[in-house]
Amino acid sequence: MASSQPDDRRARRPDLLAKVVALHQRAREAGWAYRFDRAVALLRDALRLLDTVGPDAPRAAVLRVRVLVSLGYAQAESGSHAGGLARLDEAAAHLAALPAGPERAGLDGLVLCNRGLLMHRAGKIVEGVDLFDAAITRLAGDPVMLASTYLNRGHAYIDLAHATQAARDFERCIEVCDEHGIDWLAAKARHNLGYVAYMTGDLPTALRHFAEAERSYRDSTPGLLPALRLDQARALLSAGLAADAATHLDDVIPRLRAQRAGQDLAEAEVTAAAAALLDGRVRDARRLAGSAERRFTRRGNERWAAVAALAALRVDTAAALASGRVPARLPVRAVKLADTLRTLMLEDETGLALMLAVRLELRRGDPAAADLLLDQLPRRRPTTPLDHRMLLRLCRAELAVARGDRRRALAEARTGLRELGRARDRMGGLELVCGTAVHGQQLGELAVRLVLAGSRRNARQLFGWLERTRAQVYRYEPLPAIDDPVLAERVSEVRSLRRTAQLARLAGRSPRREEKQIVALERDVVRHGWYATPWGRPRPVASRAAVRSALGDRALVSFAVSGDELVAVVVAGGRTRLARLGSAAEAFEWATRLHADLDTYAPDGLPPQLGAVVEASARRDADLVDTRLVAPLSRYIGDRELVIVPTGALYAVPWGSLPSLRGRPVVVAPSATAWLTAVSAPVPSGRVVLARGPGLRDAVAEQGRLTSTYPDAVLSAGTVADVLSALDGAAVAHLAAHGEHEPANAMFSRLELADGPLFAHELARLSRPPGHVVLAACELALHHIRPGDEALGFAGGLLASGVRTVVAATSRVGDASAAAMMVSYHELVAAGVAPAAALASVVAEDPLRRPFVCLGAS
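In this text the structure is predicted, and so the values were computed from the model without any measurement.

### Examining the overall build of the protein
Alright, step 1. Helix and strand content of the protein: 36 helices and 18 strands.
Alright, step 2. Looking at the protein as a whole, 58% of its 858 residues are labelled buried.
Alright, step 3. If you take every contact in the protein between residues at least 6 apart in sequence, the share linking residues at least 24 apart comes to 71%.
Alright, step 4. Accessible area of the protein: about 34,500 Å², with a carbon and sulfur share of 51%.

Below is the structure:
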């Protein structure tokens, strides 16, 4: 009996080895799905089976090496870096017993590659690269491992900020994969090419690569989607889109936590901390940074633990600077962390820590210490992030202020904003162009503050700085529309779902499922627009002389805020003057109250007693806003027609409803540059389009009465396709339909037409935008205001896409009031009266029920 046991074991070897192979494959699939605990369990089962096979089976020895290598990686990823290295040591020991030859060389390469990967994940990147180099020389016979090693070495080069070498390795990986049909691995390489583009500031290219990889991952390796979403969030954050980045991370972090992907989860927390800080959520930022630092420390990853510590330092620095109280220990902590980061060869992070220390020392009143720290900054590299470059300009400007060198400070701000403009010019969709403004916000605020504290010439200087820093998206000349069937299909799906949701509500059913689908699809549409086409070509900022010449007898009033002070630059009669208007917070509060009162006053059937109360409140608020904003300017503007550039909450002011402006032509523009562009555009001639949406009562749907004013007008059937076709190239377009402003996603503000909503996003891509658009609907002059007074919304999208004049309401409007006003308005326009003058005349008849403004040009 004893002598027969080895024979039985030999007979069972093929079955046992087949089970080991199957377990190994299942473990690898679990690892691809980031289920590392499951992978560890399967691989340990495989090792127990191999223990029953016996030591004299060459095939078993090869399998043992492969299983130990996979176990080492899975253990390291699930939190035990030391355990992972120990398994690789075991694999190397078993490898030594195998005969020399191609198979042993390939296995040697496998061990070296995984050891390099673990070294990289532990922050020992140079050691990792050396191991990858050695592995590549041994893997010519194994295309999957060769491609994987190129991919892993590319990752290491990314962390060393060697973008060119990283891109070259990812391209080599793709070449090997294409030759051997390894599609899933090629998708990972394209994902990482996107990361290289993100590193070098080419965000549209980065997001395009990410989108290509996402489509592949969904089909082949969905477990990799969270890591991809993390990189998308990083790119969005670098574009200043903190809310969009946070939305991605809200999806990513729970998935990574479920996958027990410790490294990626901690990296996601670092990115989430940065997004929270940019969004003003200091407590969340501090919590996330602390959690990430603890995770990296447990993993033994010194480099990433130091990066997380830097995220925490950034939060504490922002809080200290905001409070004005900087403890002495905080700049010391920043300098010590910079020393640690330098030791770990993290150059950009070293520079950031030192710049935080510079700002802290300046706030503590020690410019000499700040100057010494600036001298220690590492040299800037091509991969230095945009926000770091803007922070350096801010540090230099603040140091110049501390030394009393105002001219040098303004020069630093000017150079920084010029550099920011070059980065903005590379962006894709409208959201990316707008988002970058946040990185220059503090520089612009510093410049405005310095100008306001300067000489009597500060009004002229302030005009120039405001034009450099606000509403830059309107400086871009729209490019010709490009047919994009993917985008068109997704927008059509959104429209269909919105229609289905509306029908569900009418039927008394909750449209919760459709609403979730709508949110996801709208996000897809916006993401596609980030990289599909650039927004447009940049125009130069308008000069004061050009604006003064174009104004003629009109006056331009440009409002701005510095701290809590509201000011206005007034250009009129060949002169530029400055008016100081008191507290911005108080002015914004009264503007917000007026908006709320007009919303309440809007319905046609408001009970008389309630209507009288609301009307009195609205009149009182209008008087207060008028007294605060317009009365102090009367000696400068006289009775001139006005061009008003609002700021913040003032975008919601219906200027024609204010007592001193009733009957006066007023045009509202996002900037003087935007106004000059609109007023300089030719006034188009051609057809008039009248379109009507559903849900309007016949008595108030003014289209019938407008046909007598425009007998040759094109009457649209009211479907989205018909309206878009009619609008392309029209001179005047009147759209009578209910509308809704979407503050969370302004380019999806919409008009309701017969077959569903018409989105601002679609109008912004017309090849020949109409010259004059009238939106006889509610609230579509409202904007979502981003940093830098980047105003987005339905009307704003029209202006940015090249429409010369937009007439729209800043708050809700009753159907009957809108209909009566529009008939009178179009009669005046058809008789040759300019839009702003015609609007002023009809609004003055019932100013509180007609909160319309003329946007763009008169």
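On we go from here.
### Some thoughts on helix α14 (residues 282-299)
Alright, step 1. Under the 1.5 Å per step criterion, the end-to-end length of α14 is 26 Å for 18 residues, consistent within 8% with the ideal 26 Å.
Alright, step 2. Along α14, the residues that are buried comprise Ala285, Leu288, Ala289, Gly290, Ser291, Ala292, Phe296 and Arg299.
Alright, step 3. Considering only its buried residues, α14 is in contact with α3 (58-77), α4 (81-95), α13 (262-278) and α15 (302-323).
Alright, step 4. Note on α14: the residue one or two positions beyond its end, Gly300, has a positive phi of about 75 degrees.

### Here's the deal with the sheet that holds strand β17 (residues 805-809)
Alright, step 1. Taken in spatial order, the 11 strands make up an open sheet running β5-β4-β3-β6-β7-β18-β17-β14-β10-β8-β9, and their pairing is mixed. Two strands bound the open sheet, and with one partner strand each, they are β5 (575-583) and β9 (714-715).
Alright, step 2. Bridge analysis of strand β7 (residues 666-668) against strand β18 (residues 852-856) gives 2 bridges, and the strand direction is parallel. Across the sheet, Val668 pairs through a bridge with Leu855, a residue of β18.

### Considering the nonpolar core
Generally speaking, soluble globular proteins have nonpolar side chains that are buried together.
Alright, step 1. Of all hydrophobic cores here, the largest spans 282 residues; its most connected members are Phe559 and Trp655.
Alright, step 2. With sequence-adjacent residues up to four places away left out, Trp655 is seen in contact with Phe559, Leu629, Val630, Ile644, Leu650, Leu661, Val666, Val668 and Val853.

### Overview of helix α35 (residues 815-830)
Alright, step 1. Here α35 is 16 residues long and its end C-alpha atoms lie 22 Å apart, about the 22 Å a rise of 1.5 Å per residue gives.
Alright, step 2. One or two steps after α35, the chain reaches Gly832, where phi turns positive at roughly 100 degrees.

### Describing the sheet that holds strand β13 (residues 756-759)
Alright, step 1. Reading across from one edge, β11-β12-β13 is the order of the 3 strands in this open sheet, with antiparallel pairing throughout. Each edge of the open sheet is held by one strand with a lone partner, namely β11 (739-740) and β13.
Alright, step 2. Here 2 bridges tie β11 to strand β12 (residues 750-753), and the two strands are oriented antiparallel to one another. Bridge pairing links Glu740 to Arg750 in β12.
Alright, step 3. Together, β12 and β13 form the strand contacts of helix α32 (residues 720-727), whose direction differs from that of β13 by roughly 30 degrees.

### Describing the environment of Ser543
Alright, step 1. Looking at the secondary structure, you find Ser543 in the loop between β2 (536-538) and α26 (544-551).
Alright, step 2. Ser543 sits 79 residues away from Gly464 along the chain, and the two C-alpha atoms are 7.3 Å apart.

### Some remarks on the pairing of strand β10 (residues 732-736)
Alright, step 1. Most of β10 sits out of view: 5 of its 5 residues are buried.
Alright, step 2. Two strands pair when backbone bridges link them, and strand β8 (residues 688-692) and β10 are joined in this way by 5 bridges, in the parallel orientation. Each bridged residue has a counterpart across the sheet, and for Ala691 the counterpart in β10 is Leu735.
Alright, step 3. Inspection of the sheet shows β10 paired to strand β14 (residues 772-775) by 4 bridges, in the parallel sense. Considered in β14, the bridge of Ala733 is made with Val773.

### Regarding a negative patch on the surface
Alright, step 1. A surface patch of like charges, here negative, comprises Glu171, Glu175, Asp178 and Asp183.
Alright, step 2. Element by element, the count of residues in the negative patch is highest for helix α8 (residues 163-180), at 3 residues.
Alright, step 3. As for its position among the elements, Asp183 is in helix α9 (residues 183-199).

What counts, and at which threshold
Residues numbered from 1 in each chain as written. Predicted model: local features only at pLDDT ≥ 70, side-chain atom pairs only at ≥ 80, totals over all residues. Heavy atoms only, no water. Helix = DSSP H or I, 4+ residues; strand = E, 2+ residues; numbered from the N terminus. Buried < 20%, exposed > 50% of the residue type's maximum accessible area, 1.4 Å probe, protein only. Contact = heavy atoms within 4.5 Å. Areas by Shrake-Rupley, 256 points an atom, 1.4 Å probe, with all protein chains shown as cover. Expected span 1.5 Å × (residues − 1). Pairing = 2+ DSSP bridges. Core = buried A, V, L, I, M, F, W, Y, C linked by side-chain atoms within 4.5 Å. Axes fitted to C-alpha atoms, helices over the stretch in contact; angles between N-to-C directions. Patch = residues over 30% accessible without salt bridge, like charges linked within 9 Å, V, L, I, M, F, W, Y side chains within 5 Å. Salt bridge = Lys/Arg side-chain N within 4 Å of Asp/Glu carboxyl O. Lys, Arg positive; Asp, Glu negative; His and termini not counted. Charge placed at Lys NZ, Arg CZ, Asp CG, Glu CD.

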